[in-house]
Amino acid sequence: MARALPPTSSGAPQVRPATEGWQQKKDAEGRPLLQFASPKRGKPPVHLADLTPEQRVEKAKELGLPGFRAGQLERHYLTRWTSDPAEMTDLPASGREELVAGLLPPLLTEVRRLDTDRGDTIKFLWKLHDGALVESVLMRYPGRITLCVSSQAGCGMNCPFCATGQAGLTRNMSAAEIVDQVVRANQVIARGELGGKRSTDQSLERVSNIVFMGMGEPLANYARVMQAVRVMTDKKHGMGMSARGITVSTVGLVPAITKLAAEDIPVTFALSLHAPDDELRDELIPVNSRWKVDEALDAARGYFERTGRRVSIEYALIKDMNDHPWRADLLAQKLNERGRGWVHVNPIPLNPTPGSIWTASEPGVQNEFVRRLNAAGIPTTLRDTRGKEIDGACGQLVATQDDQAAASVS
């Protein structure tokens, strides 16, 4: 259990992070182990979404068909959400099966799904080609449909409050495995399996928003995540989604944030901060031992300066751990020191577990935290949390023993 330190100057107790029910991996010096490199495992089959448009043409030619057939195939898969050769009647029957098998190999096997919020939230458990398990969460909101995608099987960032990080990093996902989560979600929506659309809702019946907040640290799988984003946003050869509707998050991999800013793809960038002081963040977010709070905030500000896109600061409010009024004031101070109008803070109540130190702040404490930030001129919105009942909310995505058992028979 965590050790409680003496009360802070405000009288509120200070609880320190500690793992519960699992042993945190540590290096030889006793520091939380960080995994940046993906363990070597068998690679998934090469898929259309892994390739550039030019490479797709070459692949079609290798399969003995004219290059323009690749364009037909990408439209079927990326805008009509099908990989069934029987539905591709504009392709010649001769060679159609071979083309589909060569460019659209199966990537995700649905193990099971759970739904909640009157059917407006669905959590999918997927099995990858090598047996690795990942999850994604589909959510209908008024005016939009959001999919929370995974970018890694497991996670190597080892944050003590996040279920995903408990087992460490299994491997990076391919760009196509990331994209296929979106295609499969769109198939579910097209079949009418995501709740009921309100009569006043004029949004399209497909995924409109992507958040890279599922399993994994997106910027630790940088090249494949960016290939997936390019496929999602390409209006001629991809899904044609708006980059502004795609959120890429990180716990603070500073060099990768700088690299992302130079991509000229105006995605929404989110920094999972969770503490404004290094003393606590070193324990809460182990990567803070590499890049401190000020370095991460400087990189986030640099993203805004390069792209003009307002940055989101994600902040899980945890009772008596990071929700003290002085931390709200310190966060506001650090953000305002870097200018005005460049950032928005999204506090989110941590998903509570009975008897755990990892539990949501009291409502009054949450409100005071938000009030102080807003009073300091920092736009702040307490974020809605979806999927708690099915362990599909932030920090809850993990392959359990039940998942492993279900996957073994799928």
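The text that follows walks through the structure, step by step, so that each part is easy to find. Quick caveat, the model's predicted, so the values are computed rather than measured.

**What to know about the overall build of the protein chain**
Turning to step 1, where the next piece is worked out: Each helix and strand counted, the protein chain has 11 helices and 13 strands in total.
Turning to step 2, where the next piece is worked out: The C-alpha atoms of the protein chain give a radius of gyration of 22 Å, which matches the 22 Å a tight globule of 410 residues would have.
Turning to step 3, where the next piece is worked out: Overall, the protein chain is about 75 × 45 × 45 Å in size when its C-alpha atoms are taken along their principal axes.
Turning to step 4, where the next piece is worked out: When each of the 410 residues of the protein chain is scored for burial, the buried share is 56%.

**A few points about the environment of P45**
Turning to step 1, where the next piece is worked out: Inspection of the secondary structure assignment puts P45 in the loop between β2 (14–15) and α1 (53–62).
Turning to step 2, where the next piece is worked out: Taking the C-alpha atoms as reference, P45 lies 49 Å from Q14; in sequence the two are 31 residues apart.
Turning to step 3, where the next piece is worked out: Not counting residues up to four positions away in its chain, the partners in contact with P45 are D50, P105, P106, L107 and H129.

**A word on the pattern of salt bridges**
Pairs can form between side chains of opposite charge once their charged atoms are near each other.
Turning to step 1, where the next piece is worked out: Scanning the model with the defined rule gives 26 salt bridges in all.
Turning to step 2, where the next piece is worked out: Ionic pairing is found between K61 and E58, a salt bridge with its closest N-O pair at 3.9 Å. Here E58 and K61 lie together in helix α1, a separation of three residues that amounts to about one turn.
Turning to step 3, where the next piece is worked out: On the accessibility criterion, E58 (42% relative accessible area) is partly exposed.
Turning to step 4, where the next piece is worked out: Via salt bridges that share partners, R41, D130, R171 and E177 belong to a single interconnected network.

Reading guide: rules and limits
Each chain has its residues counted from 1, running along the sequence as written. Reporting in this predicted model follows two pLDDT cut-offs: at least 70 for local features of residues, and 80 or more for side-chain atom pairs to be given and counted; totals over whole chains, interfaces and linings ignore these cut-offs and use all residues. Side-chain measures were taken over the full set of non-hydrogen atoms in the model, leaving aside hydrogen atoms and water. Numbering of helices and strands runs from the N terminus, with a helix taken as a DSSP run of H or I at least four residues long and a strand as a DSSP run of E at least two residues long. Computation of the radius of gyration draws on C-alpha atoms alone. For the globule rule, the value is 2.2 Å times the number of residues to the power 0.38. Under the scheme applied here, a residue whose accessible area is under 20% of the maximum for its type counts as buried, over 50% as exposed, and between as partly exposed, the area being computed with a 1.4 Å probe on protein chains only. Residues count as neighbours in contact if any of their non-hydrogen atoms are within 4.5 Å of one another. For this analysis, a salt bridge means a side-chain nitrogen from Lys or Arg found within 4 Å of a carboxyl oxygen belonging to Asp or Glu.

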